[in-house]
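Residues per chain, in single letters:
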Amino acid sequence: MSWFQWTERPTSALANGGVIGPDERLPWPQTMAMGVQHVIAMFGATVLAPILMGFDPNLAIFMSGIGTLIFYFVTGGKVPSYLGSSFAFIGVVIAATAYAGKGPNANIAVALGAIIVCGLIYALIGLVVQAVGTGWIEKLMPPVVTGAVVAVIGLNLASIPVKNMAASNFDSWMQLVTFVCVALVAVFTKGMIQRLLILVGLALATVIYLVLANGMGLGKPMDFSGIIAAPWIGMPNFTAPVFDGGAILLIAPVALILVAENLGHIKAVSAMTGRNLDPYIGRAFIGDGVATMVSGAAGGTGQTTYAENIGVMAATRIYSTAVFIVAALMALVLGFSPKFGALIQAIPLPVMGGVSIVVFGLITISGAKIWVDNKVNFSDPANLLTAAITLVLGTGDFTLKFGSFALGGIGTATFGAVLLHALLRRRA
């Protein structure tokens with residue numbers, strides 16, 4: 001079977017709420033449109049993470065495309081996912097490089113070497129899973145655990161748009177306008193417009209923002225000078241890695257968080273598609289690990305499967321891996337176009353915040369769907385307490401420090417859920 005062989009389904013298949021599976025695709029024009037939507041969904045976080053660490057955002061976009069293609073081939077095209085910059089690296093990279101928080105990171109090389117080692121550890125864990133199987137993972141992470149972990153991913157990210165993407169009362173109202181636009185498109189439209197709810201809702205909200213802010217002076221005007229000044233074509237800044245023992249000890253343990261994130265994402269996609277993706281968990285870890293190594297070797301950030309894009313899949317019910325090939329190829333081209341980066345960055349922050357509220361909410365609900373689909377019994381105190389404590393740990397960003405290494409909310413919630421369930425479950 002060809003690497004790029006998908007069964008084409010007509011657009012009419014979506015009319016009655018149909019699902020497009022990983023091995024299916026819509027006609028290419030619609031597939032291209034979905035690819036654009038996924039690029040927009042991942043763009044904000046994939047650009048923000050490198051900026052916070054002093055990395056080159058355009059290179060991060062380029063390497064996200066490379067990483068997604070690597071992931072596709074390693075998983076045999078069976079797992080629909082987009083790979084982008086991981087936020088799990090931010091704290092430890094800043095600590096390892098003593099980054100001041102503005103401009104290029106002068107010590108980026110030592111972080112890159114440690115990111116490569118982290119990716120290697122991650123890939124080795126995948127090889128173990130591939131060799132031994134996933135039965136032990138099922139025991140460690142039954143539906144009550146995986147549902148909680150997936151929900152926590154959305155809840156943990158919720159504070160980003162709510163607290164950090166609205167600087168004024170006008171911005172908060174624009175966030176509301178944005179998620180209402182997305183919701184209206186989702187409910188009152190049909191066909192491909194409904195499936196492109198994120199993209200269409202974002203476009204509508206941006207036009208409204210332009211009228212209110214630039215036209216009526218109610219908010220900070222959109223600035224188009226960056227788009228005009230940015231060149232159409234430009235090379236990303238490639239950097240060679242340096243392997244430093246201290247940085248490696250600080251950054252390499254992030255592999256454990258990446259395993260938890262990826263596992264939760266795969267469980268979410270599996271629940272949404274109704275397909276058992278467990279046989280591909282090991283491959284997914286390997287693909288993500290190799291992508292992180294390649295990215296670090298070129299000067300890019302560590303990578304992870306993206307919850308934002310899983311949220312888009314949940315909203316559109318289109319899981320075709322063809323969409324991610326298109327999105328990855330777009331990222332490769334756009335990585336060499338500072339003009340595109342400037343265009344996306346010109347989108348008002350509160351509009352992106354409103355879209356993020358929708359996407360993170362959809363991720364949270366997909367976790368709850370795992371509980372519903374698997375009929376998790378919450379009258380069982382073990383299940384009830386495992387889920388309850390996990391949700392609060394993740395939502396509150398409960399953090400534990402081990403020397404210089406900090407395990408943040410998603411990490412503590414994930415491992416806390418696993419350990420709590422193992423401790424509380426009743427044995428036959």
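One structure accompanies this document, and this report is about it. Please read these numbers as outputs of a predicted model, since none were measured by experiment.

Observations regarding helix α15 (residues 307-316)
- Taken across its ten residues, α15 has nine buried, putting it largely inside the fold.
- After α15 finishes, the residue R317 shows a positive phi value of roughly 60 degrees.

Quick word on the nonpolar core
- Counting 99 residues, the largest nonpolar core has F55, F89, I198 and I251 as the members making the most contacts within it.
- In terms of residue count, the dominant contributor to this core is helix α13 (residues 254-273) (ten residues).
- Not counting chain neighbours up to four residues away, the residues in contact with F89 comprise M53, I115, C118, I251, V254, L258, T292, G302 and Q303.
- One finds Y72, A298, A322 and A328 within the second-largest nonpolar core, a separate group that totals eleven residues.

With respect to the side chain of N383
- As for its position among the elements, N383 is in helix α19 (residues 381-395).
- N383 gets classed as buried once you look at its relative accessible area, which sits at 12%.
- Excluding residues that lie within four positions of it along the chain, N383 makes contacts with V144, V376, N377, F378 and H421.

Observations concerning the packing of aromatic side chains
- Taken as a whole, this structure holds eight aromatic pairs when the rule is applied.
- Where F62 meets F238, the ring centres are 6.5 Å apart and the plane angle is 90 degrees; that geometry is what we call edge-to-face. Of this pair, F62 sits in helix α2 (residues 57-74) while F238 sits in the loop between α11 (225-229) and α12 (245-251), placing them 176 residues apart in sequence.
- Measuring from ring centre to ring centre gives 5.9 Å for Y122 and F285, while their planes differ by 40 degrees; the resulting arrangement is tilted. Of this pair, Y122 sits in helix α4 (residues 108-132) while F285 is found in helix α14 (residues 281-298), placing the two residues 163 residues apart along the sequence.
- What makes Y122 buried here is its relative accessible area of 0%.
- Ring pairs connect the aromatic residues W6, W28, Y72 and F73, which therefore count as one cluster.

A few points about the packing of helix α8 (residues 169-188) against helix α10 (residues 197-215)
- Put simply, α8 and α10 touch, their axes get as near as 8 Å, and they point 145 degrees apart. Judged by the sense of rotation from one axis to the other, the crossing of α8 with α10 is right-handed. Only L197, I198, V200, G201, L204, A205, I208, Y209, L212 and A213 of α10 make contact with α8, whose side of the interface consists of F170, D171, M174, V177, T178, C181, V182, V185 and A186.
- Residues of the contact of α8 with α10, tallied by class, amount to 16 nonpolar, two polar and one charged.

As for a nonpolar patch on the surface
- A cluster of nonpolar side chains, contributed by W173, L176, V180, L184, V187 and F188, occupies part of the molecular surface with about 620 Å² of accessible area.
- Residue position: L184 is located in helix α8.
- Look at L184 and you get partly exposed, because its relative accessible area is 44%.

Section: the environment of Q175
- Take Q175: it is sitting in helix α8.
- Linking Q175 and M352, residues 177 residues apart in sequence, is a C-alpha distance of 7.9 Å.
- In this structure, Q175 is in contact with P161, M165, A166, P350, G353, G354 and I357, ignoring residues within four places of it in sequence.

Thoughts on the side chain of K339
- Along the polypeptide, K339 turns up in helix α17 (residues 338-345).
- Nearest to the buried, unbridged K339 among oppositely charged side chains is D223, at 12 Å.
- Polar contacts involving the side chain of K339 include one to the main-chain carbonyl oxygen of A230, which spans 2.9 Å.
- Beyond its immediate chain neighbours, meaning those up to four positions away, K339 contacts I227, I228, A230, P231 and W232.

A look at the environment of V392
- Relative to the elements of secondary structure, V392 occurs in helix α19.
- For the pair V392 and L155, spaced 237 residues apart in sequence, the C-alpha separation works out to 9.2 Å.

Regarding the environment of L204
- Within the secondary structure, L204 is located in helix α10.
- Its relative accessible area of 42% is what places L204 among the partly exposed residues.
- L204 sits 27 residues away from V177 along the chain, and the two C-alpha atoms are 9.4 Å apart.
- With residues near it in sequence (within four places) discarded, L204 still touches C181 and V185.

About the criteria used
- Residues numbered from 1 in each chain as written.
- Predicted model: local features only at pLDDT ≥ 70, side-chain atom pairs only at ≥ 80, totals over all residues.
- Heavy atoms only, no water.
- Buried < 20%, exposed > 50% of the residue type's maximum accessible area, 1.4 Å probe, protein only.
- Helix = DSSP H or I, 4+ residues; strand = E, 2+ residues; numbered from the N terminus.
- Core = buried A, V, L, I, M, F, W, Y, C linked by side-chain atoms within 4.5 Å.
- Contact = heavy atoms within 4.5 Å.
- Phe/Tyr/Trp six-rings, centres within 6.5 Å; stacked < 30°, edge-to-face > 60°.
- Axes fitted to C-alpha atoms, helices over the stretch in contact; angles between N-to-C directions.
- Left-handed = near helix turned anticlockwise from the far one by under 90°.
- Nonpolar A, V, L, I, M, F, W, Y, C, P; charged D, E, K, R; others polar.
- Patch = residues over 30% accessible without salt bridge, like charges linked within 9 Å, V, L, I, M, F, W, Y side chains within 5 Å.
- Areas by Shrake-Rupley, 256 points an atom, 1.4 Å probe, with all protein chains shown as cover.
- Salt bridge = Lys/Arg side-chain N within 4 Å of Asp/Glu carboxyl O.
- Lys, Arg positive; Asp, Glu negative; His and termini not counted.
- Polar contact = N/O pair within 3.5 Å; in protein donor to acceptor, adjacent residues only side chain to side chain.

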